[in-house]
Amino acid sequence: MHPDHDPAHQALEAAIDGIGQALGILAGLIAEQTGPVAALQHLLHAEMDAARQFGANAWRDRALGRAVAATAEHARAHADGDPALQRLIAAVLAPAADDARI
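Residues numbered from 1 in each chain as written. Predicted model: local features only at pLDDT ≥ 70, side-chain atom pairs only at ≥ 80, totals over all residues. Heavy atoms only, no water.

Draft legend 1. Up close: the overall build of the protein. Each helix and strand counted, the protein has 4 helices and 0 strands in total. Each helix and strand of the protein, ordered N terminal to C terminal, gives the series α-α-α-α. The C-alpha extent of the protein, read off along each of the three principal axes, is 50 × 25 × 25 Å. Within the protein, buried positions represent 27% of all 102 residues. Considering only contacts within the protein whose residues lie at least 6 apart along the sequence, 68% involve residues at least 24 apart. If you sum the accessible surface of the protein, you get close to 6,600 Å²; carbon and sulfur atoms cover 61% of it. When the 7 positive and 13 negative side-chain charges of the protein are each reduced to one mean point, those points stand 2 Å apart. (Helix = DSSP H or I, 4+ residues; strand = E, 2+ residues; numbered from the N terminus. Buried < 20%, exposed > 50% of the residue type's maximum accessible area, 1.4 Å probe, protein only. Contact = heavy atoms within 4.5 Å. Areas by Shrake-Rupley, 256 points an atom, 1.4 Å probe, with all protein chains shown as cover. Lys, Arg positive; Asp, Glu negative; His and termini not counted. Charge placed at Lys NZ, Arg CZ, Asp CG, Glu CD.)

Any functional reading would require information that these geometric values do not contain.
If you want it as structure tokens, here you go:
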């Protein structure tokens, strides 16, 4: 059976999407309170630390990626005059060639 037609796979997809949406909302709220630039930097470090400590996990990365993207969107408004931050945000928001859905 193709994964798109498998009810268990569809339920897992829905759960991962929901987790990603919730993390994105929380990251947006945190970015509004602490400043989106600092929040983006902390999330990117946390993402790298999780990969280093726990190894590769495409599901985790996909869900956390939503939080990073939401924070990058918030940080974009604060990136005026900072070319390094603008490049970082562009890199975060650009779709990667290996970002296929699981």
